[in-house]
Amino acid sequence: MENQKYSKRNLGIMWFANFFISACMTMVLPFLSLYIESFGQYSPEFVQHWSGLCFSVTFVAAFLFSPIWGKIGDKFGRKTILIILAIGLGVSIFLMSFANSVWEVFILRFFTGFFTGFIPMSQAFISTQTPKKIAGKVLGTLQTGSITGALIGPLLGGILADSFGYGATFRFTSFAIFISAILVFTTKEFVLPVQKGTKSSYTSKEVLAYILKNPVFITVLLISAFIQIAHFSIQPILSLYVGELHGPENIAFFAGLAFSAAGLGNLLMARKWGEMGDRSGHLKILVILLFIAGIIYFPGGFVNQYWQLLIIRFILGVAIGGMIPVRIAYIRQEVPIAMQGEVMGYETSLRFLGNIIGPALGGVIAGNFGFSMVFFSTSFLLLASGIFLFTMMHRHPKLAKHSIS
């Protein structure tokens, strides 16, 4: 009962911590290119080039270091690592307010990525103190904190930048991140008891061997990258597509609305999908979600009215919203607690790899074949992922149902 009480308390605290982190990470995105432009008289091509590099380097750093943070968390405790990540993130963003060149922004964005492991680490922190039978529901609830922050962050960042300037906005953002560190400090770390005879620590070699011996598990990890490739391939062209459908009037507002429609659907259904995964099986729900997302993406290439795109984005968000909690809940069921941080680090790393590939791939496809082909190719990738996972589950039924106590 004591553990259950603290689990609920920790969940509430980490919900707000994730809200602040997610809001702050997205708060600077609307004006990053404008901040770079303010350093001098640069050509539009120069600004676009460096904006892309500064945006991408965060994901590259996160891709490289997420498994390392996960392993350190397994060994030394996730609460300590969460506090380090929040402080490091806050300092990186605070220093960005004093940048005077694009090189300084680029280097600080790299360190932002180096410390960008807070939300995945918080998932491992809550996962290891959550009974398997409610893991999907709990992790879905936790995810709504980061989703809510991501919805509010860009809007608040734009307002603050317009009202107080870029430097003040970076400093405000860093202050909010430090609040997350304080919130984590008030949590109580514990891990649910494991089955007698289970190891208390694993080497990286043992962790990789554990992953590689399970083809269903490998499939789920790879699909994490495919989902992000599919989701992020739309990001670079969405504003342009909105402009084509709606016209140039108030383009920033209507493009933002199209982005937010997916976030709203995500927010409404993340917890519900997690609950359904707890009842019916997380892999089964993941297959269903991949098919829903794949099917709904396809007509996006045919829309000729803005409101049609909004509906598609909302339904897409409904499906995407369940994919992270059911995957993390599946990892909670399949992986021994002592290696969960490192395994989730690999899963997070693959997600960031998808974040890197997706925008570049979407831009190339749109530039050569048009906007519609981005929707068609994304639909194909998601449907193929669903078919592949379904096939692997039926080819290895024992592995699909197996779980570690």
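Look above for the structure.
The residue numbers shown here count from 1 along each chain, following its written sequence. This being a predicted model, a pLDDT of at least 70 is required before a residue's local features are given, and a value of 80 or more before pairs of side-chain atoms are given or counted; all residues contribute to the totals for chains, interfaces and linings. The side-chain figures draw on all heavy atoms in the structure; neither hydrogens nor water molecules are used.

Caption draft 1: Here's a closer look at the overall build of the protein. Runs of H or I in DSSP of at least four residues are treated as helices and runs of E of at least two as strands, each being numbered from the N terminus. Looking only at helices and strands, one finds 17 helices and 0 strands in the protein. Just to be clear, the radius of gyration here is over C-alpha atoms, and the globule rule we use is 2.2 Å times residues to the power 0.38. What you see for the protein is a C-alpha radius of gyration of 21 Å, in line with the 22 Å of a compact globule of 405 residues. Its C-alpha atoms put the protein at 65 × 45 × 35 Å along the principal axes. The buried share of the protein, taken over its 405 residues, is 54%. By sequence separation, contacts in the protein at least 24 residues apart represent 86% of the contacts at least 6 residues apart. Just so you have it, the protein exposes about 17700 Å², and 70% of that area is on carbon and sulfur atoms. Treating the 28 positive side-chain charges of the protein as one cloud and the 15 negative ones as another, the clouds have centres 16 Å apart. Partly exposed residues are those whose accessible area sits between 20% and 50% of the maximum for their type, while under 20% is buried and over 50% is exposed, using a 1.4 Å probe and protein chains only. By definition in these notes, contact holds between two residues if any of their heavy atoms fall within 4.5 Å. With residues, only the protein chains shown are counted as cover, and all accessible areas are computed by Shrake-Rupley using a 1.4 Å probe. His is not counted here, nor are the chain ends, while Lys and Arg score as positive and Asp and Glu score as negative. Where a charge lies is defined by one atom per residue type: Lys uses NZ, Arg uses CZ, Asp uses CG and Glu uses CD.

Caption draft 2: Representation of the side chain of Gln-143 within the structure. Assignment of secondary structure puts Gln-143 in helix 7 (residues 135–164). Excluding its chain neighbours within four sequence positions, the residues that come into contact with Gln-143 are Asn-266, Ala-270, Gly-321, Ile-324 and Pro-325.

Caption draft 3: Just helix 6 (residues 118–127), in detail. Among the 10 residues of helix 6, 9 are classified as buried, and the element is accordingly described as predominantly covered. Three or more residues of helix 6 are buried, namely Phe-118, Pro-120, Met-121, Ser-122, Gln-123, Ala-124, Phe-125, Ile-126 and Ser-127.

Caption draft 4: Representation of empty space enclosed by the protein. The distinction between a cavity and a pocket rests on a 1 Å grid over the protein atoms alone: a 1.4 Å probe fits inside a cavity but cannot get out, while a pocket stays open yet meets protein on both sides within 12 Å along at least five of seven lines, and a residue with an atom within 4 Å of a point counts as lining. Grid points are joined across faces, edges and corners, and a volume is the space filled by probe spheres set on the points. In the structure shown here, the tally under the stated rule is 1 cavity of 30 Å³ or more. As a volume, the largest cavity reaches approximately 80 Å³. Mapped by element, the contributors of at least two residues to the lining of the largest cavity are helix 3 (44–76), helix 6 and helix 15 (340–369). Per-element accounting of the lining of the largest cavity gives the leading share, 4 residues, to helix 15.

Caption draft 5: View of the packing of helix 10 (residues 215–233) against helix 14 (residues 306–334). To obtain an axis, a line is fitted to C-alpha atoms, over the contacting stretch when the element is a helix, and the angle between two such axes runs from 0 to 180 degrees between their N-to-C directions. Put simply, helix 10 and helix 14 touch, their axes get as near as 11 Å, and they point 155° apart. In terms of axis orientation, helix 10 runs roughly antiparallel to helix 14. For the pair helix 10 and helix 14, the sense of crossing is left-handed. Touching Val-216, Phe-217, Val-220, Ser-224, Ile-227 and His-231 of helix 10 are Leu-316, Ile-320, Met-323, Arg-327, Tyr-330, Ile-331 and Glu-334, all from helix 14. Residues were grouped as follows: Ala, Val, Leu, Ile, Met, Phe, Trp, Tyr, Cys and Pro as nonpolar; Asp, Glu, Lys and Arg as charged; and all remaining residues, including Gly, as polar. Residues belonging to the contact of helix 10 with helix 14 are distributed by class as follows: 9 nonpolar, 2 polar and 2 charged. Roughly parallel means an angle under 35 degrees; roughly antiparallel, over 145; roughly perpendicular, 65 to 115; everything else is oblique. The sense of a crossing depends on the near helix, which, turned anticlockwise from the far helix by less than a right angle, makes the crossing left-handed and, turned clockwise, makes it right-handed.

Caption draft 6: Inspection of the packing of helix 14 against helix 15 at higher detail. Closest axis-to-axis distance for the helix 14/helix 15 pair is 10 Å, and the angle between their directions is 150°. Judged on the interaxial angle alone, helix 15 and helix 14 are roughly antiparallel. Here helix 14 and helix 15 pass one another in a crossing that is right-handed. Contact with helix 14, carried on its side by Ile-324, Arg-327, Ile-328, Ile-331 and Arg-332, involves Gln-340, Val-343, Met-344, Glu-347 and Arg-351 of helix 15 and no other residues of that element. Per-class residue counts for the contact of helix 14 with helix 15 are 5 nonpolar, 1 polar and 4 charged.

Caption draft 7: Summary view of the packing of aromatic side chains. Any two of the Phe, Tyr and Trp rings considered here, Trp counted by its six-membered ring, make a pair once their centres fall within 6.5 Å; the pair's planes then place it as stacked at under 30 degrees, edge-to-face at over 60, or tilted in between. The full count for this structure, using the stated rule, is 24 aromatic pairs. Here the aromatic rings of Tyr-35 and Phe-170 are separated by 4.9 Å at their centres, their planes lie at 55°, and the arrangement is tilted. In this pair, Tyr-35 sits in helix 2 (residues 32–37) while Phe-170 sits in helix 8 (residues 166–185), placing the two residues 135 residues apart along the sequence. The buried category is assigned to Tyr-35, whose relative accessible area is 5%. Centroid distance Phe-65 to Phe-114: 4.7 Å. Interplanar angle 70°. Geometry classified as edge-to-face. Within this pair, whereas Phe-65 is found in helix 3, its partner Phe-114 is found in helix 5 (residues 102–114), the two being separated by 49 residues in sequence. On the basis of relative accessibility, which here comes to 22%, the residue Phe-65 falls in the partly exposed class.

Caption draft 8: Highlighting the state of the cysteines. The disulfide criterion used throughout: a pair of cysteine sulfur atoms within 2.5 Å. The full count for this structure, using the stated rule, is 0 disulfides. Take Cys-24: it sits in no disulfide, and the sulfur closest to it among the cysteines is that of Cys-54, at 19 Å. Residue Cys-54 is classed as buried on the basis of its relative accessible area, which comes to 0%.

Caption draft 9: Geometry of the pattern of salt bridges. The working definition used for a salt bridge is a side-chain nitrogen of Lys or Arg within 4 Å of a carboxyl oxygen of Asp or Glu. Evaluated as defined, the whole model comprises 5 salt bridges. Residue Arg-271 pairs with Glu-275 through a salt bridge whose shortest N-O separation is 3.8 Å. Remark: Glu-275 and Arg-271 occur in helix 12 (residues 251–280); sequence separation between them is 4 residues, near one turn of the helix. Residue Glu-275 is classed as buried on the basis of its relative accessible area, which comes to 18%. The partner of Glu-275 in a salt bridge is Lys-272, and the shortest N-O contact between them spans 3.9 Å. Of the two residues, Glu-275 and Lys-272 both sit in helix 12, 3 residues apart, roughly one turn of that helix. One continuous salt-bridge network, built from bridges that share partners, spans Arg-271, Lys-272 and Glu-275.

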